[in-house]
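# Reading the structure
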Amino acid sequence: MKAAILHGPRELRVEAARVPEPGADQALVRVAVAGLCGTDYSIFSGDRPVTYPRVMGHEFVGRVEAVGPGVTTPRVGDRVAIEPNYSCGACPLCREGNRNLCLSRTAVGIDVDGCFAELVRVPARCCWAAPAGVADEDLMVTEPLAVVVRAVARGQVRAGETAAVVGAGTLGLLALQVLRARGARVLAVSRSARRFTLARELGAEATHAVADGPLEEVARGFSRREGVDCVVETAGTPEAVAHALALVRPGGRVVLTGLPHDPTSVRFFSVVRREVTIVGSMIYQDEFAEAMRLVAAGHVRTGPLITHRFALDEIERAFAVHREPASIKVAVIL
Ligand SMILES: [Zn+2]
Ligand SMILES: [Zn+2]
């Protein structure tokens with residue numbers, strides 16, 4: 001089979017590779033479409049070290065090509081979206097259902113080979129049946145969508161509430177749609193106004209660029225009270241955390257799902273005094289089925305997020321385009 005193999009930072013070559021053999025409880029999946037994200041880029045650039053050689057890629061849809069001994073679901077031929085993180089299943093966190101928090105979690109495309117290849121081997125339990133009648137490409141972002149489905153649930157958003165989304169990348173543009181599907185009115189906040197036309201098309205009622213004025217005022221105007229009920233932070237920068245705290249009302253909730261790798265100073269005085277609830281939200285537990293249901297039902301539109309498409313042979317170009325401001329989600333078509 002063909003695979004894009006990373007031999008070291010920025011040393012990516014499409015080569016012939018041995019087809020992996022599915023072992024017990026494993027499935028071999030033929031990749032149809034794969035999405036490229038910031039995590040892949042940080043591995044590609046060497047910022048996030050992995051063991052080499054490594055096949056990157058963790059957002060994908062495909063068809064089951066073969067299954068190992070003992071596998072009853074999925075079946076050969078099934079179309080599936082892949083949950084690309086799997087836990088040990090044995091530790092206290094896993095046993096109590098918090099498998100996303102397992103300290104021995106394995107990430108496909110990071111710890112083991114991923115989907116920038118014609119075929120990829122995954123545990124059978126990571127395969128989620130794709131709904132009929134929804135195109136492969138429309139399910140390509142199921143993984144990031146599952147992230148925000150969980151984030152919105154962690155924010156306990158109810159119909160009629162106001163919400164703000166910080167960040168207008170893939171996660172932000174998906175989060176605003178999930179919030180809308182839950183019945184919230186949504187304000188989209190970003191450093192740049194570049195994606196605001198799309199954000200409005202996808203259901204944001206209002207948009208605000210950070211430089212255009214104080215966030216507290218904007219949140220009060222939008223919510224017609226002391227601030228929004230819930231903020232979902234997707235940008236993952238230290239400033240974005242401060243922006244989220246500026247937008248939320250006293251007694252409101254802030255969900256952090258972007259990953260701010262750099263330390264950030266938070267004015268906890270205002271958290272205490274305003275009784276703001278801050279919760280983290282880490283990837284997903286069982287949100288894949290709900291993510292695909294939202295797409296199948298038309299509540300979440302994923303098509304407009306895919307701005308570029310490349311063949312596997314052009315993957316280096318795909319990585320370059322990922323960094324361009326005009327790209328939201330770059331797809332690799334297998
Ligand atoms: Zn990703
Ligand atoms: Zn575990």
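Residues numbered from 1 in each chain as written. Chains lettered and ligands numbered in written order. Predicted model: local features only at pLDDT ≥ 70, side-chain atom pairs only at ≥ 80, totals over all residues. Heavy atoms only, no water.

### A closer look at the coordination of the zinc ion (ligand 1)
- With distances of 2.1 to 2.3 Å, the protein atoms coordinating the zinc ion (ligand 1) are Cys 37 (SG), His 58 (NE2) and Glu 59 (OE).
- Going along the chain, you hit the donors of the zinc ion (ligand 1) in the pattern C-x20-H-E. Here Cys 37, found in the loop between β3 (26-36) and α1 (38-45), pairs with Glu 59, found in strand β4 (residues 59-67); they are 22 residues apart in sequence, far enough to count as distant. (Donors = N, O, S within 2.8 Å, 3.2 Å for Na, K, Ca; no water. Helix = DSSP H or I, 4+ residues; strand = E, 2+ residues; numbered from the N terminus.)

### Side note on the nonpolar core
- Leu 145, Leu 173, Leu 176, Val 178 and Leu 179 are the most contacted members of the largest nonpolar core, which totals 47 residues.
- Looking at this core, the elements with two or more residues in it are α3 (142-154), β10 (162-166), α4 (170-181), β11 (185-190), α5 (196-201), β13 (228-233) and α9 (288-296).
- The dominant element in this core, judged by the number of residues it contributes, is α3, at seven residues.
- Two domains each donate at least three residues to this core, and these are domain 1 (2-141 + 302-333) and domain 2 (145-280).
- With residues near it in sequence (within four places) discarded, Leu 179 still touches Val 152, Val 157, Ala 163, Val 165, Ala 184, Val 186 and Val 232.
- Within the second largest apolar cluster, 39 residues are counted, among which are Ile 43, Ile 110, Val 120 and Val 122. (Core = buried A, V, L, I, M, F, W, Y, C linked by side-chain atoms within 4.5 Å. Buried < 20%, exposed > 50% of the residue type's maximum accessible area, 1.4 Å probe, protein only. Domains from an automatic or database assignment. Contact = heavy atoms within 4.5 Å.)

### A word on the coordination of the zinc ion (ligand 2)
- Here the zinc ion (ligand 2) is held by the protein donor atoms Cys 88 (SG), Cys 91 (SG), Cys 94 (SG) and Cys 102 (SG), which lie 2.3 to 2.4 Å from it.
- For the zinc ion (ligand 2), the four donor atoms are set out with angles of 104 to 119 degrees between them, so the coordination reads as tetrahedral.
- Mapped onto the sequence, the donors of the zinc ion (ligand 2) take the spacing C-x2-C-x2-C-x7-C. Here the two residues Cys 94 and Cys 102 agree in accessibility, since each one is buried. (Tetrahedral: all angles 85-135°; square planar, octahedral: opposite > 155°, others 65-115°.)

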